[in-house]
Amino acid sequence: MKNFANLFLALDETNKTNERIKILKEYLLQVSDDDKINMLALFTGRKPKRQINSTQLKDWALEQSKIPDWLFRESYEVVGDLAETISLLLPLPTQHQDKSLSQWITEIKDLKDKTEEEKKNWLLAAWDTMDQQEKFVFIKILTGGFRVGVSQNLVVKALADIAQLDTATITHRIMGNWNPDEFTFQQLIAAEDASTDNSRPYPFFLAYPIQETSDLQKTALEIESSLGPISQWQVEWKWDGIRAQIIHRKDEIFIWSRGEDLATDKFPELHRFIQNLPDGTVLDGEILAFKNNQPLPFNILQTRIGRKTLSKKLLQENPVAFIAYDILELEGIDIRNKSQSDRRLLLEKLQEDSLHPEIFRISELVHAQSWDELAFIREQSRAKLAEGLMLKRKAASYQVGRKRGDWWKWKIDPLAIDAVLIYAQKGHGRRADLYTDYTFAVWDGDKLVPFAKAYSGLTDKEINQVDHFIKKNTLEKFGPVRTVKPELVFEIGFEGINKSSRHKSGVALRFPRILRWRTDKKKEEADSLESLMLLLPKEG
Amino acid sequence: MSKKPLLEFNQFGIYCQQGDFYIDPWKPVNYAVITHAHSDHARWGNKHYLAHHLSKEILKYRLGDISLETIAYNQTIIRNGVKISLHPAGHIIGSAQVRVEYEGEVWVVSGDYKLEDDGISTPFEPVKCHSFISECTFGMPVYTWKPQEEIFKGINDWWHQNHQQGKTSVLVGYSLGKAQRILQNLNLDIGKVYTHGVIQNTHDALIKNGISLKETYKITASTTKEEIRGNLVLCPPSAVGTPWMKKLNPYSFGYCSGWMAIRGAKRRRAADRGFVLSDHADWHGLIQAIEATSCESVYLTHGYTASFSRYLREIGYDAHEANTLYGDESLEEEKGGEA
Ligand SMILES: [Zn+2]
Ligand SMILES: [Zn+2]
């Protein structure tokens, strides 16, 4: 596994695309096919089942590192990553070993029937043969926390180059429910697709944003000059739910969410309509909370995500529907190469024949004679609970990944408010030693009420400045959280706002983020809770 | 029996009332004993300075025409009955621990230090004392250094590889201390070493002070890119991302610092390669140094003072956090190696 650990290190040390592809190819050419498919499984989020839990891991590491528990926790605060912390705290190795990645993965899987004692002995012996880098990657794999900052596109590119296949084919073949015990590297790179995986979804086609800021709106004329006449475009609302692919093949049904998670069990009310689809059908669409023919805000859908079991009550109160955007497979045939208009006709026909039109809905088309008119219609997005508009070229095929050209999202501006920084916490990963996680407040009379947490949005330089300010202006420390002297004002953008009894401020924001640092504003000039309340959607 | 301590922390710095002098003051005072020439320890505006001989030229270069007296290690001077002497700290050339003795009571101020012999600074020597004021920039157990041979092998291999690919190796490190330590450990069979002006000025000051350094070439307006290609360039953190650095393209950019031990901190600096090389003691080094003083009380400055003092209390020391204005190394770096 040393070469796998080195691969990880090498990828970590460059962010140049071509170099990363080169590093991946060098690795792939150097290891066995077993290692290749295991590497691919790890890089695409297919981790071996977890056999040792965090508590065991931490306890055993603590025992080895001979430091007190609190110091272990503070070390974790500094490092920001459990596996890395442990790898840094464990003593130097006294033994040597050269096992391959596949051998280690096999050993991890074999832990299944072992006692706790046996697991511990195995782990301590393993640690004692590894340097810090190998330990780090090993613990990541062991805990199922293995994530690599390499987009799947790069891995696909490296594989495609080696196998001499096109990237779209590889992207498609590595999707679905495979695992490295059943799927071989030879199958992956075979000239003819040899998969018998009924669950395998297609790669999602993702829209490119039409770039705008609140200060800089695209005029209808600018859009016309870059996209051409509106008659060439199919326009739909951009819904704010869970993008999903729905599959019915050979009596089996699958619901995949965009993160490539199988979510079939999460949405039982969709099962009937999927089962009623003709055999060999794959649809692309959005799952939304939907009641009385009306979409509901995202936070309603959120109540269902992450739940292990769905109570009858929850299903009744927060039902969902599927809004179909597209059809990718019909009668078992991949039809992604047909034009958008042709696919739309097939989708409409399928939906008209459905016995469950209240659950299987079709994304309504938006008609406009000009870009001007469309810009006007877009203004109604928020009232419709949509995030804006989707523009799809009528002549376009269904492509792979985020591509410029044929699919665009034209979102409405985020809502925004000026707020004061009051608490800060250290970040994780790349920013483990900097204060980067902030809590913001607005005025309620002469008190500041926290209402949002935000992490992203500042430049590295600004982050350093804010970090410096925080370290110099800490009023109190509660564990990892610092109370900061209220002084800095930031403009906070968000996609939506809802009432919430769980929050002190009485509201919950969707996707809050820092739009910019208002160095021009004093804390007294920040917004009030009242102005935040005014942004709540109107009742009824 | 509450006697005033021999050294105390006040708003100007570390103060000895009996001898009426300060050690590394952060506000202007009459008499300043300076541990070393880094900007957070040797500041502007003091009436009189006392430092080690080897800090003489660099202090003059950085602070201008100051009233400066320099002494050797282990040499004692006396102020109002208080004995003051300097002892090697191993941090950078000329860096010293300050030993203060009065009526049998001994305090030592470590300044910044490391235990490993870097081949260029006078190696650290433990000094027995009752009270020890220690830095703890890297006072967390996740910071443990590898021997410098291993790090320099990595640096030379990286340079060699870049050289073969026709790339310039740009190596970033603090201009005083780190740059010289790197230079003396580079394998000059691979190529030549070029310097950023700030580093060359530092080198010149040290050379004037009698230090011999390996040969370097200062980059000037007339230095061509072709000439530099494949060679190694030493530059301070302030040069990162500037047009000056971009002109060296194609290059690979390496960063030498103790902070490189943590992945997150490494990625934040966006270097192609991070080399874990520090002029501060690591976790084990700090504990070893404190043990070697046989001290009863420890006061901690720089970095993880809260955690480290708590740990020391748990293993039986009378340890305290001290509030000082010594910037941690990262601040020095961010400000750009020169201030
Ligand atoms: Zn220093
Ligand atoms: Zn210092």
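Under an unreviewed UniProt entry, chain B has the name Ligase-associated DNA damage response exonuclease and belongs to Pedobacter puniceum.

Going by what an unreviewed UniProt entry lists, chain A is known as DNA ligase (ATP) and is assigned to Pedobacter puniceum. In UniProt, chain A has this text filed under Catalytic activity (unreviewed entry): "ATP + (deoxyribonucleotide)n-3'-hydroxyl + 5'-phospho-(deoxyribonucleotide)m = (deoxyribonucleotide)n+m + AMP + diphosphate."

Draft legend 1. A look at the interface of chain B and chain A. Every contact between the two is made by 26 residues of chain B and, on the other side, 27 residues of chain A. For chain B, the biggest contributors to the area lost against chain A are Val142(B), Arg263(B) and Arg268(B); these three give 26% of the whole. Run the count over chain B and chain A and you get two salt bridges. For Lys167(B), the salt bridge identified is with Glu19(A), shortest N-O distance 3.8 Å. The tally of links between chain B and chain A comes to four residue pairs in polar contact (both at pLDDT 80 or more). Elements that contribute at least two residues to the side of chain B that touches chain A include exactly α7 (263–268), β17 (273–275), α9 (305–314) and α10 (329–335) of chain B. Considered class by class, the residues forming the side of chain B that touches chain A number 13 nonpolar, three polar and 10 charged.

Draft legend 2. Molecular detail of the coordination of the zinc ion (ligand 1). Residues and elements named next belong to chain B. For the zinc ion (ligand 1), the full set of protein donor atoms is His36 (NE2), His38 (ND1), His91 (NE2) and Asp112 (OD), and the range of their distances to it is 2.1 to 2.2 Å. Note that the zinc ion (ligand 1) binds four donor atoms; their angles at the metal cover 91 to 166 degrees, and the shape is irregular. Look at where the donors of the zinc ion (ligand 1) fall in the sequence and you get H-x1-H-x52-H-x20-D. A distance of 3.7 Å spans the gap from the zinc ion (ligand 1) to the zinc ion (ligand 2), which Asp112 bridges by coordinating each metal. Of this pair, His36 sits in the loop between β4 (31–33) and β5 (48–52) while His91 sits in the loop between β8 (82–88) and β9 (96–102), and the two are 55 residues apart along the sequence. Pair check on accessibility: His36 and His91 agree, each one buried.

Draft legend 3. Examining helix α7 (residues 101–110) of chain A more closely. All names here are of chain A. Taken together, the buried positions of α7 are Leu101, Ser102, Trp104, Ile105 and Ile108. The buried residues of α7 all sit within an arc of 160 degrees when viewed along its axis, so they share a single face. Each element contacted by the buried residues of α7 is listed here: α1 (2–12), α2 (17–30), α3 (33–43), α8 (116–127) and α9 (132–142).

Draft legend 4. Inspection of the domain arrangement of chain A at higher detail. Residue and element names in this part refer to chain A. As assigned here, chain A comprises domain 1 (1–143), domain 2 (205–411) and domain 3 (415–535). Taking only C-alpha atoms, the centre of domain 2 and the centre of domain 3 are 33 Å apart. The partner domain 3 presents four residues to the seven residues of domain 2 that form the contact. Summed over both partners, the interface of domain 2 with domain 3 comes to about 570 Å²; 33% of that surface belongs to carbon and sulfur atoms. Contact with domain 3 buries surface across domain 2, with Phe298, Asn299 and Arg382 losing the most and accounting together for 51% of the total. Joining domain 2 to domain 3, the criterion identifies one salt bridge. Residue Asp240 is joined to Arg510 by a salt bridge in which the shortest nitrogen-to-oxygen separation is 2.2 Å. Viewed at the interface, domain 3 and domain 2 are joined by one residue pair in polar contact (both at pLDDT 80 or more). Each residue belonging to the side of domain 2 that touches domain 3 can be placed in one class, and the counts come to two nonpolar, one polar and four charged.

Calculation notes
Residues numbered from 1 in each chain as written. Chains lettered and ligands numbered in written order. Predicted model: local features only at pLDDT ≥ 70, side-chain atom pairs only at ≥ 80, totals over all residues. Heavy atoms only, no water. UniProt positions renumbered as here; feature names shortened; annotations may be inferred. Contact = heavy atoms within 4.5 Å. Buried area = accessible area lost by both parts, 1.4 Å probe. Salt bridge = Lys/Arg side-chain N within 4 Å of Asp/Glu carboxyl O. Polar contact = N/O pair within 3.5 Å; in protein donor to acceptor, adjacent residues only side chain to side chain. Helix = DSSP H or I, 4+ residues; strand = E, 2+ residues; numbered from the N terminus. Nonpolar A, V, L, I, M, F, W, Y, C, P; charged D, E, K, R; others polar. Donors = N, O, S within 2.8 Å, 3.2 Å for Na, K, Ca; no water. Tetrahedral: all angles 85-135°; square planar, octahedral: opposite > 155°, others 65-115°. Buried < 20%, exposed > 50% of the residue type's maximum accessible area, 1.4 Å probe, protein only. Arc of directions from axis to C-beta. Domains from an automatic or database assignment.

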